[in-house]
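# Report on the structure
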Amino acid sequence: SFDEVSRAVEAQRRAAAERGEAERRAAHEIEIARQVQARLFPQRLPELKSLEYAGARVETPQGGGDYYDFLDLGQARLSMVLADIAGKGIAAALLMANLQANLRSQCATAVAQPEQLLHSVNRLFYENTTDNAYATLFYSEFDDRTCRLRYANCGHLPGLVVQSDGTVKRLSSTATVLGLFPEWSCRTAELELCPGDLFTIYTDGITEALNPRDEEFGEERLLEVITRARHLSPNHIVTEVFEEVRRFSADRQYDDVTLIVARCRSRDQIPGA
């Protein structure tokens, strides 16, 4: 009957309008998430004598959960931080803002006791988030006077140190992920970076990038690119890695891609040495 047809048409129109409204809302949320996140990334890179470094992130349109930062700890120390927060969109953006605020407000504690800093970040994260929210984090701190790197790897992918003779050291987990457990133990490890050594931390958007045959980019390919580009500046190495991942995955990006690369300068590159 005419009534049934017009009711069906009306129902379809309403469903389409609701779909359109939901899509607009989702787009608006993504835009807010992007704006929140855009302000969270380092605006200024503290100058160091014995280290040159760079970091960058290529985000997915949905707004992912990767965060990186460079924190000036004073006393000639720099912290390089990389985190991957579970989730996407507004939830991830707000968790990221929470993590950044915690780190930045407490980094004065960090020089003396990085474990204490990370303990309090874990507790705040645990108390301020839903049950299943967590982050993996690689926290590192470089001393410009001694070239020592102290780090805590909280459930994150191993950091990579490519030494000037080509030897690779993997900086594996020293603690579990942040934000899942109220009682959380963390230890740090340290090593000395020698002139020419490259230090790299990255998120799984790089190693888990897929090519059209569903093969992963993987750690080995990442090491190949870094080793091949090792004589370029850290900025250029970051660009090379991103280019290689983009080519490999034929421009299909499913996750944020984030990378920090640092190189210990040789004596003749150190200003005033």
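Residue positions are given per chain, counted from 1 along the sequence in the order it is written. Given that this is a predicted model, residues contribute local features only at a pLDDT of at least 70 and side-chain atom pairs are listed and counted only at 80 or more, while totals for whole chains, interfaces and linings are drawn from all residues. Each side-chain value is derived from all of the structure's non-hydrogen atoms; neither hydrogens nor water enter the calculation.

### Some details on the nonpolar core
Nonpolar side chains in soluble globular proteins tend to end up buried together. Put simply, the rule is: Residues belong to one nonpolar core when they are buried, are Ala, Val, Leu, Ile, Met, Phe, Trp, Tyr or Cys, and are joined through side-chain atoms within 4.5 Å. Only protein chains enter the accessibility calculation, which uses a 1.4 Å probe. A residue is then buried if its area is under 20% of the maximum for its type, exposed if over 50%, and partly exposed in between. A run of DSSP states H or I qualifies as a helix once it reaches four residues; a run of E qualifies as a strand once it reaches two. Both are numbered from the N-terminal end. Pairs of residues are marked as contacts when any of their non-hydrogen atoms sit within 4.5 Å.
Judged by nonpolar contacts, the single largest core of 26 residues is most densely connected at Leu99, Leu103, Leu137 and Tyr139. Elements supplying a minimum of two residues to this core: strand E2 (66-74), strand E3 (77-85), helix H2 (89-110), helix H3 (114-127), strand E4 (135-143) and strand E5 (148-154). Residue contacts for Leu99: discarding those within four places in its chain leaves Tyr67, Ala83, Ile85, Val121, Phe125 and Leu178.

### A word on the packing of helix H5 (residues 218-228) against helix H6 (residues 234-248)
Helix-helix packing is described using two parameters, namely the angle between the two axes and the distance between the axes. Test applied: Note on method: axes are straight lines fitted to C-alpha atoms, helices fitted across the in-contact stretch only, with angles between N-to-C directions ranging 0 to 180 degrees. Working definition: roughly parallel below 35 degrees, roughly antiparallel above 145 degrees, roughly perpendicular at 65 to 115 degrees, and oblique for all remaining angles. By convention, the crossing between two helices is left-handed when the near helix turns anticlockwise from the far helix through less than a right angle, and right-handed when the turn is clockwise.
Two numbers describe how H5 lies on H6: the axes approach to 10 Å, and their chain directions differ by 140°. By the criterion of interaxial angle, the relationship of H5 to H6 is oblique. Here H5 and H6 pass one another in a crossing that is right-handed. The segment H5 lies against H6, with Arg221, Leu222, Val225, Ile226 and Arg228 engaging Glu240, Val241, Glu244 and Phe248.

### A word on the sheet that holds strand E6 (residues 159-162)
Strands pair in a sheet through their backbones, by hydrogen bonds, and they do so in one of two ways: parallel or antiparallel. Note the cut-off: Paired strands, as defined in this entry, are two strands with at least two bridges between them according to DSSP.
Within the open sheet, the five strands sit side by side as E1-E10-E9-E6-E7. Their pairing is antiparallel. The sheet is open, and its two borders are formed by strand E1 (51-58) and strand E7 (168-171), each paired with just one other strand. Going from strand to strand, the sheet's axes swing by 15° on average, the running direction of each strand aside. One ladder, built from eight bridges, connects E1 with strand E10 (residues 257-264); its direction is antiparallel.

### What about the pattern of salt bridges?
As a reminder of what qualifies: Just to be clear on terms, a salt bridge is a Lys or Arg side-chain nitrogen sitting within 4 Å of an Asp or Glu carboxyl oxygen.
In total, this model carries 21 salt bridges according to the counting rule given. A salt bridge links Glu215 to Arg213, with the nearest nitrogen and oxygen atoms 3.2 Å apart. Through salt bridges with shared partners, a single network forms among Arg228, Glu243, Glu244, Arg246, Arg247 and Asp251.

### Overview of H6
In plain terms, the rule: The span you would expect from a helix comes to 1.5 Å times its residue count less one. Arc definition: directions from the helix axis to the C-beta atoms.
Its 15 residues place the ends of H6 21 Å apart at the C-alpha level, agreeing with the 21 Å of an ideal helix rising 1.5 Å per residue. Within H6, the full set of buried residues consists of Pro234, Ile237, Val238, Val241, Phe242, Val245 and Phe248. Buried residues in H6, looked at end-on, bunch into an arc of 135°, giving them a common side. Seen from the buried face of H6, the exposed residues on the opposite side, beyond 90 degrees, are Asn235 and Arg247. On its buried face, H6 is in contact with E1, strand E9 (198-202), helix H4 (204-207), H5 and E10. Taken from the residues just after H6, Ala250 is the one with a positive phi, measuring 50°.

### Brief notes about H3
Turn by turn, an α-helix covers 3.6 residues, leaving residues three or four places apart pointing in a common direction. For H3, spanning 14 residues, the distance from its first C-alpha to its last is 20 Å, which sits close to the expected 20 Å at 1.5 Å a residue. Restricting attention to buried positions, one finds in H3 the residues Pro114, Leu117, Leu118, Val121, Asn122 and Phe125. All buried residues of H3 fall inside an arc of 135° around its axis, so they share one side.

### Here we look at the side chain of Ser50
Our working rule: Under this definition, polar contacts are N or O atom pairs within 3.5 Å; protein pairs additionally need one hydrogen-donor-capable and one acceptor-capable atom, and for neighbouring residues in sequence, both atoms have to be side-chain atoms.
Inspection of the secondary structure assignment puts Ser50 in the loop between helix H1 (2-38) and E1. A polar contact is formed between the side chain of Ser50 and the side chain of Asp144, at a distance of 2.5 Å.

### Some points on the sheet that holds E3
Read across the sheet, five strands follow the order E2-E3-E4-E5-E8 without closing on themselves; strand pairing throughout is antiparallel. The open sheet terminates on both sides in strands that have one partner only, identified here as E2 and strand E8 (189-192). Direction aside, the axes of adjacent strands within the sheet are offset by 20° on average.

### Overview of unusual backbone geometry
For Gln75, which is not a glycine, the phi torsion comes out positive at approximately 50°. Mapped onto the fold, Gln75 is located in the loop between E2 and E3. Classification of Gln75 by relative accessible area gives exposed; the value is 54%. One non-glycine residue, Ala76, lies in the positive phi region at around 60°.

### With respect to the environment of Gln163
Within the secondary structure layout, Gln163 lies in the loop between E6 and E7. A relative accessible area of 17% places Gln163 in the buried class. In sequence terms Gln163 and Arg263 are 100 residues apart; their C-alpha atoms lie 9.8 Å from each other. When near neighbours in sequence (up to four residues on either side) are disregarded, Gln163 contacts Lys169, Asp197 and Arg230.

### Notes on the environment of Ala175
Here Ala175 lies in the loop between E7 and E8. The spatial distance from the C-alpha of Ala175 to the C-alpha of Cys186 is 4.9 Å, given a sequence separation of eleven residues. Beyond its immediate sequence surroundings of up to four residues, Ala175 is in contact with Asn153, Cys154, Gly155, Trp184, Ser185 and Cys186.

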